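A closer look at the structure
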Amino acid sequence: MRYRHRTTVVTALGLVLLTDVLRVFLPSVITIFGQAASTPAELLGAFALGWFVLALAVPPLLRRVGVRPVALAAAVVLAGARLAVTAFPGGRVQLWLATAGLVAGLCWLTAVAAGTNRPVPGLALGLAAAAVLHTVSDTYRSPWLGGAEVWVVGVVLAALFLAGQALPAPPAGAGGARAWLLAGPALLLAGMVALSPAVARTAMSYQFGLLESSPAQGSGAAVAPLFGPLPVAVAVGGFLLAALTPPRRPAGRWIGPVALLAGAVLVALGRGELLLPAVLLTAVGLGACLARCDTAEEPAPAIPAIPTTSIEPATVSAGVSSATAATGVTPTAPAGVAPAAGDTGVAPAAGGPGDGEASGFHRAAGRRGYATVGGMLVFAVAAVLYYAAYDLGYPNGWVPVAVAVLTAAVALSAGPAPARTGPVPALSAGPVPAGTVPSLPPVRTAACATALALVAALTVDETLVAGNREGPPATVRVAAYNIRMGFGIEGRFDPDALARAVGRADVVVLSEVDRGWLLNGGHDTLDLLAERLDMPYVFAPAADPLWGDAVLSRWPLAAARTRRLPAVGAPTGAQALGVTVDLGADVRLAVVATHLQPPPGREPVVQAHEVASFALGYAAGRPLVVAGDLNTEPGAPGFAEFTRAGLVDALAAARPLPTSPADDPREQIDHVLVSPGLTGADAVAPRGTASDHLPVAVTLTLPPA
């Protein structure tokens, strides 16, 4: 690998590992350290933020110990933690391994920032590589793939990262603080929207779903798409091209910030049909803002001429060849010489910067280090504020907009971006122009990343098609399951266990479905479960376009309708989704999925009444099933709203049938209610800990045609 590209590649590899660790740490906070919606959101947020605040101690540590020892030690812990979470999925061990990996990753990133003043190529390549890898893994977070392939990928990534980190890097000049300040906001916006394959698939499912009934397109529902992750290939390519090609014309400096703000505003509007343009605009705008900051704010120090006939065993300054063209050898600092703070372990050549210049470099390194910590604190604070809103009940659409405004402001405050093409002079006696610092080739890099993401999108995504059976069946088995975003009692994410819990159901109603929240690891739980069950789906948003309820079926689905339910003081939104199951021979079954969300300690009477009214109107006399987590028990006032409307408890013969909590069920709050023409049998609540609820399943006998 060329010497000048090693820092870029190592930064990219480290960012991929840090992203993987974050995708385990964040959901561990709300499923292992505490329980979302039960543990106070303030406590969960304080626990998460505390580890980011610890990174403020890293810049002083670098001044005392040196950049290279800290970076290498942190890199070892980061790589080790990334591999260890594969061996310990779930439980307290997972939480503390992920926490150790996060702290190590923050220390490593801060140390790398102190020694690197041109981070944009590495940051951009790392964010894009993480997106491609997560597309290859079908949004299933890579530490938990569960087979031999995950170990191979993990070991290879860790080995390459550590090998590159162990080698000395060229010394850094001044500047670069702006770019490092954007590392945290870029990581947040990329994970939440711009480069998330789960969000890209969800966006496609709102726009181009495979549901025959066109009214579903206008109802706010999302359905199983064809080649769902395709937009992420466009987003990755546009992001890299924009990040590696800074604008040359004065007007061009506004294009990136405007695109980024437009994408963030579309996200804030919370409408599923706006997700696709939001992904593309945010990706291109984010890349362009990074490119605006890819400047060396001060020129590198003067470089003395080095005779080609006599090479001394000393290193040379950044931006020049470190040996004659005849040897191509890169001399390094003598063994045992500790690098100064802000250095990368490479000593300046004789005649290089004096004490005043070295002190300036140390100050620049400190600025970069603190800028990196500040950017990551923006990541943590913004993530906590955005997702805590679903427990505390305040508007959160302003959060991505605020982060986009900060990113745009930092980008616009940067000076003109220099040209980054042209050869690096092998030997020179004057200052190295900033414009000669090489970067990744924009077009080739973006094209390669796009091609990889495109291949992944076309190969990993399965086409979900309902099976057509001859004639209507005599019975239909219906299951209702609150899957808690796919996380079990021990905080383990296991879609295979969810699929096993559903069993042989023909129609599945899901509550608490996550389709790309960064807080939950950024995966599409619905698509993962649908592929394992081989069932197409209809999804309806409740809290936002990425979180809600769904219906899956072995028979074709049609005529989706949704109704938002009154909040009545509850922080998390609720809805009712009506879907028609086509059983053949003009036999239709109306299914309504919902998850009632009353305020703590209150009965969902108002929401239950709304759902019952919506369901009866939607069914229009056809056989009807209403199912989901109703947060009310048989005989309670909320439950009575359904029976008062004429619906029948299909699980009555098997009562008591507690479903929550899964490890010690005491409450009967998950239900299947039916119209009087349907009869239920073989009702069960299979034990298991794949979620914090147990599923309920019942076989319904259809009325005579």
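Attention in this report is confined to the structure presented alongside it. (Residues numbered from 1 in each chain as written. Predicted model: local features only at pLDDT ≥ 70, side-chain atom pairs only at ≥ 80, totals over all residues. Heavy atoms only, no water.)

**Section: the overall build of the chain**
Threshold: Numbering of helices and strands runs from the N terminus, with a helix taken as a DSSP run of H or I at least four residues long and a strand as a DSSP run of E at least two residues long. Pairs of residues are marked as contacts when any of their non-hydrogen atoms sit within 4.5 Å. Values of accessible area rely on a 1.4 Å probe in the Shrake-Rupley scheme; residue burial ignores everything except the protein chains shown.
Each helix and strand counted, the chain has 20 helices and 13 strands in total. In the chain, once contacts between residues fewer than 6 apart in sequence are set aside, the share between residues at least 24 apart is 78%. For the chain, the exposed surface amounts to about 25400 Å²; the carbon and sulfur share of it is 64%.

**So, the nonpolar core**
Filter applied, for reference: Among buried residues, those of type Ala, Val, Leu, Ile, Met, Phe, Trp, Tyr and Cys that are joined through side-chain atoms within 4.5 Å constitute a nonpolar core. Accessibility here uses a 1.4 Å probe with only protein chains present; expressed as a share of the type maximum, an area under 20% marks a residue as buried, one over 50% as exposed, and anything in between as partly exposed.
Counting 147 residues, the largest nonpolar core has Phe 52, Leu 195 and Leu 510 as its most contacted members. Looking at this core element by element, the count peaks at 14 residues for helix α1 (residues 3–33). Excluding residues within four positions of it along the chain, Leu 195 makes contact with Leu 127, Ala 128, Ala 131, Ala 190, Val 232, Ala 235, Val 236, Phe 239 and Ala 283. Membership of the second largest hydrophobic core comes to 35 residues, among which are Val 538, Leu 577, Leu 583 and Val 587.

**Quick notes on the layout of surface pockets**
Put simply, the rule is: Buriedness for pockets is judged along seven lines, at least five of which must meet protein on both sides within 12 Å for an open set on the 1 Å grid over protein atoms alone, while cavities are sets there where a 1.4 Å probe fits but cannot get out, and lining residues have an atom within 4 Å of a point. Grid points are joined across faces, edges and corners, and a volume is the space filled by probe spheres set on the points. Polar here means any residue outside two lists: the nonpolar Ala, Val, Leu, Ile, Met, Phe, Trp, Tyr, Cys and Pro, and the charged Asp, Glu, Lys and Arg; Gly therefore counts as polar.
Of the pockets and cavities examined, the largest pocket occupies roughly 1400 Å³. For the largest pocket, the lining is made up of 50 residues, of which Ala 36, Ala 37, Ser 38, Asp 391 and Glu 512 are closest to its centre. Counting only elements with at least two residues in the lining of the largest pocket, the list comes to α1, α2 (41–53) and α14 (355–392). Grouping the constituent residues of the lining of the largest pocket by class yields 26 nonpolar, 15 polar and nine charged.

**With respect to the pairing of strand β5 (residues 547–553)**
Just so we agree on the cut-off: Strand pairing is assigned whenever DSSP identifies at least 2 bridges connecting the two strands.
Among the seven residues of β5, seven are classified as buried, and the element is accordingly described as predominantly covered. In this sheet, β5 lies alongside strand β3 (residues 507–514) in antiparallel orientation, the contact comprising six bridges. What sits directly across from Asp 514, in β5, is Trp 547. Sheet topology places strand β4 (residues 537–544) next to β5; six bridges connect them, and they run antiparallel. Bridge pairing in β5 places Tyr 537 opposite Leu 552.

**Some points on the sheet that holds β3**
The condition that has to hold: To get an axis, a line is fitted to the C-alpha atoms, and for a helix only the part in contact is used. The angle between two axes follows their N-to-C directions and goes from 0 to 180 degrees.
The strand order across the open sheet built from seven strands is β1-β4-β5-β3-β2-β13-β12, with neighbouring strands paired in mixed fashion. Edge positions in the open sheet fall to β1 (222–223) and β12 (679–684), since each of these has one partner strand only. Here strand β2 (residues 475–482) runs beside β3; their pairing, made up of five bridges, is parallel. The residue bridging Ala 480 from the neighbouring strand is Val 509, located in β3. In the packing of helix α18 (residues 525–533) onto the sheet, the strands contacted are β3, β4 and β5, and the crossing angle to β3 comes to about 155°.

**Focus on empty space enclosed by the protein**
Across all of its chains, the model carries two cavities of 30 Å³ or more by this definition. Of the pockets and cavities examined, the largest cavity occupies roughly 220 Å³. For the largest cavity, the lining is made up of 18 residues, of which Thr 19, His 134, Ala 190, Gly 191 and Leu 518 are closest to its centre. Of all the secondary-structure elements, those providing two or more residues to the lining of the largest cavity are α1, α6 (120–136) and α9 (183–194). Size it by volume and the second largest cavity reaches roughly 30 Å³. Forming the walls of the second largest cavity are Leu 189, Val 193, Leu 260, Ala 264, Val 267, Thr 282, Pro 400 and Ala 404. Listing elements by their share of the lining of the second largest cavity, those giving two or more residues are α9, α12 (255–269) and α15 (398–413). Considering each element in turn, the lining of the second largest cavity owes the most residues, three residues, to α12. Along the lines of polarity and charge, the residues of the lining of the second largest cavity split into seven nonpolar, one polar and no charged.

**Focus on the sheet that holds strand β7 (residues 575–584)**
Strands belonging to one sheet form pairs held by backbone hydrogen bonds; the direction of such a pair is parallel or antiparallel. Taken in spatial order, the six strands make up an open sheet running β6-β7-β8-β9-β11-β10, and their pairing is mixed. Only two strands of the sheet have a single partner each, and these edge strands are β6 (557–564) and β10 (648–649). Helix α19 (residues 605–619) rests against β6, β7, β8 (587–595) and β9 (624–629) of the sheet, and its axis sits at about 150° to β6.

**As for the environment of Ala 36**
Counting through the fold element by element, Ala 36 comes out in the loop between α1 and α2. Residue class for Ala 36 comes out partly exposed when judged on its relative accessible area of 34%. In this structure the C-alpha to C-alpha distance between Ala 36 and Ala 388, which are 352 residues apart in sequence, comes to 9.0 Å. Not counting residues within four places of it along the chain, the set of residues in contact with Ala 36 comprises Ile 30, Leu 44 and Asp 391.

**Digging into a nonpolar patch on the surface**
Put simply, the rule is: What goes into a patch is any residue over 30% in relative accessible area without a salt bridge, connected to like charges within 9 Å or, for nonpolar side chains (Val, Leu, Ile, Met, Phe, Trp, Tyr), within 5 Å. Note on definitions: salt bridges are taken to be side-chain nitrogens of Lys or Arg within 4 Å of carboxyl oxygens of Asp or Glu.
Nonpolar side chains collect at one region of the surface, where Val 53, Leu 56 and Tyr 370 lie side by side and expose about 260 Å² of accessible area between them. Structurally, the position occupied by Tyr 370 is in helix α14.

**What about the packing of helix α4 (residues 67–87) against helix α7 (residues 148–166)?**
Formally: Orientation labels follow simple angle bins: below 35 degrees gives roughly parallel, above 145 gives roughly antiparallel, 65 to 115 gives roughly perpendicular, and whatever is left gives oblique.
Contact geometry of α4 with α7 gives a least axis separation of 10 Å together with a crossing angle of 175°. Considered as vectors, α4 and α7 are oriented roughly antiparallel to each other. Together, Arg 68, Ala 71, Leu 72, Ala 75, Val 76, Leu 78, Ala 79, Arg 82, Leu 83, Thr 86 and Ala 87 of α4 and Val 150, Trp 151, Gly 154, Val 155, Ala 158, Phe 161, Leu 162, Gln 165 and Ala 166 of α7 make up the contact between the two elements. Residue classes in the contact of α4 with α7 are distributed as 15 nonpolar, three polar and two charged.

**Observations regarding the side chain of Arg 477**
Worth spelling out the cut-off: For the purposes of these results, a polar contact is taken to be a pair of N or O atoms within 3.5 Å, where, inside protein, one atom must be able to donate a hydrogen and its partner to accept one; residues adjacent in sequence count only when each atom of the pair is a side-chain atom.
Inspection of the secondary structure puts Arg 477 in strand β2. The class of Arg 477 is buried, set by a relative accessible area of 7%. Looking at Arg 477, its side chain comes within polar contact range of the main-chain oxygen of Asp 682, at 3.2 Å. Other than its neighbours up to four places away in sequence, Arg 477 contacts Arg 504, Ala 505, Asp 506, Val 507, Ala 681, Asp 682, Val 684, Ala 697, Val 698 and Thr 699.

**Observations regarding the packing of helix α11 (residues 230–244) against helix α16 (residues 442–460)**
The geometry of a pair of packed helices is captured by two quantities: the angle between their axes and the separation between those axes. Rules: Left-handed describes a crossing whose near helix is turned anticlockwise from the far helix by less than a right angle; the clockwise case is right-handed.
It is at 8 Å that the axes of α11 and α16 come closest, and there the two elements cross at 170°. When the interaxial angle is binned, α11 and α16 end up roughly antiparallel. The handedness of the crossing between α11 and α16 is right-handed. When α11 is examined against α16, the residues Leu 230, Ala 233, Val 236, Gly 237, Leu 240, Leu 241 and Leu 244 are found in contact with a partner set consisting of Pro 442, Val 443, Thr 445, Ala 446, Ala 449, Thr 450, Ala 453, Leu 454, Ala 457 and Leu 458. Broken down by class, the residue content of the contact of α11 with α16 amounts to 14 nonpolar, three polar and no charged.

**A look at the environment of Trp 108**
Residue placement: Trp 108 occurs in helix α5 (residues 91–114). Along the chain, Trp 108 and Thr 11 lie 97 residues apart, while their C-alpha atoms are 9.6 Å from each other. In this structure Trp 108 touches Val 10, Thr 11, Gly 14, Leu 15, Ala 71, Ala 74, Ala 75, Leu 78, Phe 161 and Gln 165, once residues within four positions along its chain are discounted.

**Concerning the packing of aromatic side chains**
Put simply, the rule is: By convention, a stacked pair of Phe, Tyr or Trp rings (six-membered ring in the case of Trp) has centres within 6.5 Å and planes under 30 degrees apart, an edge-to-face pair has planes over 60 apart, and any other such pair is tilted. Note on geometry: a ring has a charge over it if NZ (lysine) or CZ (arginine) is within 6 Å of the ring centre and within 35 degrees of the ring normal.
Tallied over the entire structure, the rule returns 14 aromatic pairs. Between Phe 47 and Trp 96, the ring centres sit 5.9 Å apart and the planes meet at 75°, which makes this aromatic pair edge-to-face. One end of the pair, Phe 47, is in helix α2; the other, Trp 96, is in helix α5, and 49 residues separate them in sequence. Aromatic pair Tyr 386 and Tyr 387: ring centres 4.9 Å apart, planes at 90°, arrangement edge-to-face. For the pair Tyr 386 and Tyr 387, one class covers both residues: buried. Put simply, the rings of Tyr 386, Tyr 387, Tyr 390, Trp 517 and Trp 547 touch in pairs and so form one group of aromatic residues. Taking the ring centre of Phe 539 as reference, the NZ or CZ of Arg 515 above it sits at 5.3 Å. The ring of Tyr 618 is capped by Arg 622, whose NZ or CZ atom sits 5.5 Å from the centre of that ring.

Remember, this is a structural readout, not a statement about activity or role.
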